[in-house]
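# Structural overview
Here is how the chains run, residue by residue.
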Amino acid sequence: ATLPITGSNFTLGPGWGAFEFVSGNDISAATNIDVQSLATGYDYLFCIQGAIPATDAALLYCKFFQSATIVEASSDYAGQTGAQVYIRLSSQTAGNAAKEGISGEILFTEPNVADRVKRVYAYRLAEANPNGTHEYQAEHAVGRLNKNTDACDGIRFYWSSGDWQAEGKIYTFRRRLS
């Protein structure tokens, strides 16, 4: 793609670090949203738009997959809790009414690169609290895998209690590492 920048042209070539679209899916009424079979050589960006928990006052969490198996022992993660990576929404919960829920982006860096710490960063996460009167926004690192530095091939998003409502979308993008 050629993008005009102040009267000149800037050309993006293959492998130049731009995000490419992978998939977009409606969120269904399910307990987990699993994104597996992450390709080697990419960072991944997950955009969750208009998602609503089925249970009021829920927190958003994630866990990682290694060799298609979920990593979930009590000491596997560093972050807010031991057994899961807590995607912080300004320490607030998301409500389950139509005007509540979350929208935002979660970046999973170098999931398939061995010998590196696996981290997720949540940013531009906005949510309305359970009474729908406040909007919160978070822009900060949220957690990492503490168990090992082995490659990860998937990620699971879930609520602290209850399921997902059949509302919103999740988009997956990836960025080539080299």
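Residues numbered from 1 in each chain as written. Predicted model: local features only at pLDDT ≥ 70, side-chain atom pairs only at ≥ 80, totals over all residues. Heavy atoms only, no water.

## Some details on the overall build of the protein chain
We apply this condition: Comment: elements are numbered from the N terminus, with helices defined as DSSP H or I runs of at least four residues and strands as E runs of at least two. Type-normalised accessible area, obtained with a 1.4 Å probe on protein chains alone, sets the label of each residue: buried when under 20%, exposed when over 50%, and partly exposed for intermediate values. The Shrake-Rupley method, run with a 1.4 Å probe sphere, supplies the accessible areas, and residue values consider only the shown protein chains as cover.
Secondary structure assignment for the protein chain yields 0 helices and 14 strands. Listed by position from the N terminus, the elements making up the protein chain come as β-β-β-β-β-β-β-β-β-β-β-β-β-β. Buried residues in the protein chain amount to 39% of all 178 residues. Total accessible area on the protein chain is roughly 8600 Å²; 47% of this is exposed by carbon and sulfur atoms.

## Quick look at the environment of D115
Within the fold, D115 resides in the loop between β10 (101–109) and β11 (119–128). Here the alpha-carbon distance between D115 and N148, two residues 33 residues apart in the chain, equals 8.2 Å.

## Overview of the pattern of salt bridges
So the rule is basically this: Salt bridge, as used here, is a side-chain nitrogen of Lys or Arg placed within 4 Å of a carboxyl oxygen of Asp or Glu.
The final tally for this structure, using the stated rule, is 6 salt bridges. Between R174 and E20 there is a salt bridge, and its shortest N-O distance comes to 3.2 Å. Note that R174 is positioned in strand β14 (residues 169–176) and E20 in strand β3 (residues 19–26), a separation of 154 residues in sequence. According to the relative accessible area criterion, R174 is partly exposed, its value standing at 21%. Taking relative accessible area as the criterion, E20 reaches 33% and is therefore assigned partly exposed. Across the pair E72 and K63 runs a salt bridge, and its minimum N-O distance is 3.1 Å. Assessed through its relative accessible area of 43%, E72 is described here as partly exposed.

## Focus on the side chain of E100
Defined as follows: What qualifies as a polar contact is a pair of N or O atoms within 3.5 Å, subject to a donor-acceptor requirement within protein and to the restriction that residues adjacent in sequence count only when both atoms come from side chains.
When you line up the elements, E100 lands in the loop between β9 (85–87) and β10. E100 sits in the buried class, given a relative accessible area of 8%. In this structure the side chain of E100 is engaged in a polar contact, spanning 3.1 Å, whose partner is the backbone nitrogen of N96.

## Re the confidence of the model for the protein chain
Threshold: Each residue carries a pLDDT value, the predictor's own confidence for that position, ranging from 0 to 100. Pairs of residues are marked as contacts when any of their non-hydrogen atoms sit within 4.5 Å.
Taken as a whole, the protein chain shows an average pLDDT of 80; of its residues, 72% reach a score of 70 or greater. Within the protein chain, the lowest mean pLDDT, 42, falls on strand β1 (residues 2–5), and the highest, 95, falls on strand β4 (residues 32–36). Note that pLDDT drops below 50 for residues 1–10; the model gives that stretch 13 contacts with residues more than four away or on any other chain.

## Comments concerning the packing of aromatic side chains
Centre distance and the angle of the planes are the two values used to describe a pair of aromatic rings. Definition in use: Only Phe, Tyr and Trp rings are paired, with Trp represented by its six-membered ring, and only when their centres lie within 6.5 Å; those with planes under 30 degrees apart are stacked, over 60 edge-to-face, the remainder tilted. Cation placement over rings: the criterion is NZ of Lys or CZ of Arg within 6 Å of the ring centroid and within 35° of the ring normal.
Summed over the entire model, instances satisfying the criterion amount to 8 aromatic pairs. Look at Y44 and F46: their rings are 6.3 Å apart centre to centre, the planes differ by 15 degrees, and that puts the pair in the stacked class. A relative accessible area of 3% means that Y44 is categorised as buried. Each ring, one from W159 and one from W164, has its centre 4.8 Å from the other, and the planes form 55 degrees; the classification is tilted. Look at W159 and you get buried, because its relative accessible area is 2%. Among the aromatic residues, ring-to-ring pairing joins Y42, Y44, F46 and F157 into one connected group. If you follow R174 out to its NZ or CZ, it ends over the ring of Y42, 4.0 Å from the centre.

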